[in-house]
Amino acid sequence: MALIVQKYGGTSMGSPERIKNVARRVAKWKAQGHQVVVVVSAMSGETNRLIALAKEIQEYPDPRELDVIMSTGEQVTIGLLAMALKEIGVPAKSYCGWQVRVTTDNSHTKARIQSIDDAAMRADLGEGRVVVVAGFQGIDEDGSITTLGRGGSDTSAVAMAAALGADECQIYTDVDGVYTTDPRVVPEARRLKTITFEEMIEMASLGSKVLQIRSVEFAGKYKVRLRVLSSFEDEGEGTLITFEEDENMEKAVVAGIAFDRNEARINVKGVPDKPGIAYQILGPIADANIEVDMIIQNVGENGTTDFSFTVPRGEFQRTLAILRDVQTHIGAGKIDADDKVAKVSIVGVGMRSHCGIASTMFRTLAEEGINIQMISTSEIKVSVLIDEKYLELAVRVLHKAFGLDQAQA
């Protein structure tokens, strides 16, 4: 008998019939003798509807009250799933995040979990019940309801698994695992049987939307065995996210290709080449809570240099507005900007022990006439910034160049 935590997303909970399907799936695990805790999201589209409703009252909704509103979506689905389980003869009990007592900090709409009281869940499991918990939500020390940010139900599930010492945390979604890249772009993309936590964190941070990056970091930190499965297929082993590289990792130099269209590039020309200039440019941007990704500062010449970086596309105009004040203050030259760029990344722990990976990437793109605007590297990834119109071509040719369509990848 194992203790399993399962998470079902908004698509899986999108209608009464789908909720009944989830109940039948949970019942199968229970019938095999397992203890099961189920973490669910709101119905697909419900959180967006609630946010839109709040904005009809306040253009910029009060964060505390917005959390009160957004948390109601999951309250509906836990009750419906518990009812669906009882209807087929499976004892079940639902809990909101604040009832389980998922304690978080007070950063409303993006709170972080601090602790979980597992006593009530353990008592119910011991009495043979399936425990159904609302994902995405918690409560701060002052008793205010909090939410964990978009995709936060993944983090809720992993945190529950860590608190309970679960044998496995299963994330059920609308795909049947983690793929070498997006199958909608590359039909030959294949599901990976395993991927390391390091690789999954990179893939998630670089644009892969299968798992929320915070949930992967949490699972890695607390050694939670994590598996991605399809909520629409009864069979299949999905993708297991592992702690260690196995003996086959030597063969799979590159595990996958991630990409992100949500990029904008900014180049500040004629920047004075002196200590502290990077802070003078990026400090005001950081103060505005704008995340900077790739950064390049060229070698100075004649007392000046060029300073380039990328920001999320949605922050493009706000960043330019901030830089106009900075430009005058530091005496910089022209600002060159482009919001029609995209980032493509190759990821793999095998890159640690293989040379020539970056050059293969660069050669492959050059052969297709794709110009690289910026480059960023780490021990297990290489990212390049390119013109957005070449994104899908770049992903396809790189997928083939690294043999990711082959069975051993």
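Residues numbered from 1 in each chain as written. Predicted model: local features only at pLDDT ≥ 70, side-chain atom pairs only at ≥ 80, totals over all residues. Heavy atoms only, no water.

Engineer: Please explain helix α7 (residues 152-164) as it appears in this structure.
Structural biologist: Note that an α-helix has 3.6 residues per turn; residues three or four places apart therefore point the same way. In this model, α7 (13 residues) spans 18 Å end to end at C-alpha, consistent with the 18 Å of a helix rising 1.5 Å per residue. Across the 13 residues of α7, 11 count as buried, placing the element largely inside the fold. Within α7, burial applies to Gly152, Ser153, Asp154, Thr155, Ser156, Ala157, Val158, Ala159, Met160, Ala161 and Leu164. Positive backbone phi, at 65 degrees, marks Gly165, one or two positions downstream of α7. (Helix = DSSP H or I, 4+ residues; strand = E, 2+ residues; numbered from the N terminus. Expected span 1.5 Å × (residues − 1). Buried < 20%, exposed > 50% of the residue type's maximum accessible area, 1.4 Å probe, protein only.)

Engineer: Sorry if this is basic, but what is going on with the sheet that holds strand β15 (residues 304-311) here?
Structural biologist: Remark on secondary structure: sheet strands pair via backbone hydrogen bonds, oriented parallel or antiparallel. Ordered by their spatial adjacency, six strands build an open sheet running β14-β15-β13-β16-β18-β17, and the pairing between neighbours is antiparallel. Single-partner strands in this sheet number two, and they are β14 (295-297) and β17 (374-378). With strand direction ignored, the average angle separating the axes of adjacent strands in the sheet is 25 degrees. Relative to β15, β14 runs antiparallel, the two being bridged by three bridges. Bridge assignment links Gln297 to a residue of β15, and that residue is Phe307. Each of β13 (256-272), β16 (335-347) and β18 (381-387) is contacted by helix α13 (residues 391-401), which is oriented at about 120 degrees to β13, the strand it contacts most. (Pairing = 2+ DSSP bridges. Axes fitted to C-alpha atoms, helices over the stretch in contact; angles between N-to-C directions. Contact = heavy atoms within 4.5 Å.)

Engineer: Can you walk me through the packing of aromatic side chains in this structure?
Structural biologist: Remark: the centre distance and the inter-plane angle together describe each pair of aromatic rings, the angle taken between the planes. Applying the stated criterion across every chain, the model contains three aromatic pairs. Arranged with centres 4.7 Å apart and planes meeting at 10 degrees, the rings of Tyr8 and Tyr172 form a pair that is stacked. With Tyr8 in strand β1 (residues 3-8) and Tyr172 in strand β9 (residues 168-173), this pair connects stretches of sequence that are 164 residues apart. On the basis of relative accessible area, Tyr8 is assigned to the buried category, the value being 0%. When its relative accessible area of 3% is taken as the criterion, Tyr172 is described as buried. (Phe/Tyr/Trp six-rings, centres within 6.5 Å; stacked < 30°, edge-to-face > 60°.)

Engineer: Help me understand the pattern of salt bridges in this model?
Structural biologist: When charged atoms on two side chains of opposite charge get close, those side chains can pair. One pass over the structure, following the stated rule, counts 20 salt bridges. The residue Lys343 makes a salt bridge to Glu263 at a minimum N-O spacing of 3.7 Å. Here Glu263 lies in strand β13 and Lys343 lies in strand β16, a separation of 80 residues in the sequence. By relative accessible area, Lys343 is classed as buried at 4%. Put simply, Glu388 and Arg313 hold a salt bridge, and the shortest N to O gap is 3.5 Å. On the criterion of sequence distance, the pair formed by Glu388 in the loop between β18 and α13 and Arg313 in the loop between β15 and α11 (316-330) is long-range, its members being 75 residues apart. If you follow the salt bridges from partner to partner, you end up with Asp124, Glu127 and Arg129 in one network. (Salt bridge = Lys/Arg side-chain N within 4 Å of Asp/Glu carboxyl O.)

Engineer: Teacher, can you tell me more about the packing of α7 against helix α9 (residues 213-221) here?
Structural biologist: Two quantities define a packed helix pair, namely the angle between the helix axes and the distance between the axes. Contact geometry of α7 with α9 gives a least axis separation of 8 Å together with a crossing angle of 15 degrees. Looking at the two axes, α7 sits roughly parallel to α9. Crossing of α7 against α9: the hand is left-handed. Here α7 contributes Asp154, Thr155, Val158, Ala159 and Ala162 to the contact with α9, which in turn contributes Arg214, Ser215, Phe218 and Ala219. Taken together, the residues of the contact of α7 with α9 break down into five nonpolar, two polar and two charged. (Parallel < 35°, antiparallel > 145°, perpendicular 65-115°, else oblique. Left-handed = near helix turned anticlockwise from the far one by under 90°. Nonpolar A, V, L, I, M, F, W, Y, C, P; charged D, E, K, R; others polar.)

Engineer: Help me understand the side chain of Arg25 in this model?
Structural biologist: Position of Arg25 among the secondary structure elements: in helix α1 (residues 16-31). Leave out the neighbours within four places in its chain, and Arg25 touches Tyr8, Tyr172, Ser230, Ser231, Phe232, Glu233 and Asp234.

Engineer: What is the right way to read unusual backbone geometry from this model?
Structural biologist: For residues that are not glycine, phi is negative in most cases, and the peptide bond is trans in most cases. Not every positive phi belongs to a glycine, and Lys223 is a case in point at roughly 55 degrees. With respect to the helices and strands, Lys223 occurs in the loop between α9 and β11 (226-230). Phi at Asn289 takes a positive value of approximately 60 degrees, unusual for a residue other than glycine. Mapping Asn289 onto the fold places it in the loop between α10 (277-287) and β14.

Engineer: Looking at this structure, I do not really get the environment of Ser231. What am I missing?
Structural biologist: With respect to the secondary-structure elements, Ser231 resides in the loop between β11 and β12 (239-242). The buried category is assigned to Ser231, whose relative accessible area is 10%. Sequence-wise, Ser231 and Gly9 are 222 residues apart; in three dimensions their C-alpha atoms are separated by 8.8 Å.

Engineer: Even after reading the chapter, I still don't get the nonpolar core, so can you show me in this structure?
Structural biologist: As a rule of thumb, soluble globular proteins bury nonpolar side chains together. Counting 41 residues, the largest nonpolar core has Val5, Met121, Met160, Cys169 and Leu226 as the members making the most contacts within it. In terms of residue count, α7 provides more of this core than any other element does, six residues in total. Val5 has contacts with Val37, Val39, Ala157, Met160, Ala161, Leu164, Ala166, Glu168, Cys169 and Gln170, leaving out every residue within four places of it along the chain. One finds Ala189, Met361, Ile370 and Leu404 within the second-largest nonpolar core, a separate group that totals 24 residues. (Core = buried A, V, L, I, M, F, W, Y, C linked by side-chain atoms within 4.5 Å.)

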